[in-house]
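Residue-level listing of the chains:
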Amino acid sequence: AIQTFETLKKKHPVAPRLEVYQALCYVCTGKYKIAKEAAAKIEKIAPNYTENQICLGYVLENQKNFAAAIKYYSLVLKTNDCHRFALVQRGICYSKKGDNILALKDLDKAINIDPTRTGSLAARGYAYARSGQHTKAISDLERATSINAEDSTAWCQLGNSLAKTGAWKRALAAVNRALAI
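To start, this report covers the structure provided alongside it. (Residues numbered from 1 in each chain as written. Predicted model: local features only at pLDDT ≥ 70, side-chain atom pairs only at ≥ 80, totals over all residues. Heavy atoms only, no water.)

Regarding the pattern of salt bridges
(1) Moving on: The full count for this structure, using the stated rule, is six salt bridges.
(2) Moving on: Residue Arg-90 is joined to Asp-106 by a salt bridge in which the shortest nitrogen-to-oxygen separation is 2.6 Å. Highlighted residues: Arg-90 in helix 6 (residues 84-97) and Asp-106 in helix 7 (residues 100-113), separated in sequence by 16 residues. Neither residue differs from the other here; Arg-90 and Asp-106 are each classed as buried.
(3) Moving on: A salt bridge links Arg-170 to Glu-142; its shortest N-O distance comes to 2.2 Å. (Salt bridge = Lys/Arg side-chain N within 4 Å of Asp/Glu carboxyl O. Helix = DSSP H or I, 4+ residues; strand = E, 2+ residues; numbered from the N terminus. Buried < 20%, exposed > 50% of the residue type's maximum accessible area, 1.4 Å probe, protein only.)

Pasting the structure below:
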């Protein structure tokens, strides 16, 4: 994918969206420093470019710098308060920081925008689980896995929440499903 981006960049030397996608490929391969450098370059070409702010937030989130990631996702939400991806990712960051009230607020809004997105449902399920609300977590995670039966992380968290409520057979089945994927 990176080679394809290099070829495209020769044809389109000033293409912020192309640069963002390349930076996201670097994030996905764990090359955070290169991704951050690419995002900084984009900021010079196109300041306040929404996709770049998402990219920077995602880089920082993957480096476990949740406070800084929240700032970038918040910049996106200043201009578009219904940006589902920014809401979900900011919600995840809030949850990982332990602020489940703000996490659930963002995740509820994302689910209201599109109740069929498994990422939103699974993220809210994780937030509920982190706050000890396993019955609510189970509900969201069951919905998420019914929509996307290949989400091994959701199945694993579902198994964990089921175990916390004493539903051992269902918990084992969920974890086995996660391992089979």
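Having put the structure on the table, let's press on.
Observations regarding the side chain of Ser-161
(1) Moving on: Checked against the element boundaries, Ser-161 lands in helix 10 (residues 152-164).
(2) Moving on: Judged by relative accessible area, Ser-161 falls into the buried class, the value being 0%.
(3) Moving on: Only 3.1 Å separates the side chain of Ser-161 from the side chain of His-134, close enough to count as a polar contact.
(4) Moving on: For Ser-161, the contacting residues outside a window of four places in its chain are Ala-129, His-134, Ala-137, Ile-138 and Leu-141. (Polar contact = N/O pair within 3.5 Å; in protein donor to acceptor, adjacent residues only side chain to side chain. Contact = heavy atoms within 4.5 Å.)

A short note on the packing of aromatic side chains
(1) Moving on: Per the stated rule, a full pass over the model turns up one aromatic pair.
(2) Moving on: On the basis of an interplanar angle of 50° and a centroid distance of 6.2 Å, the ring pair of Tyr-58 and Phe-85 is categorised as tilted. Here Phe-85 lies in helix 6 and Tyr-58 lies in helix 4 (residues 50-62), a separation of 27 residues in the sequence.
(3) Moving on: Exposure remark for Phe-85: the relative accessible area of 30% places this residue in the partly exposed category. (Phe/Tyr/Trp six-rings, centres within 6.5 Å; stacked < 30°, edge-to-face > 60°.)

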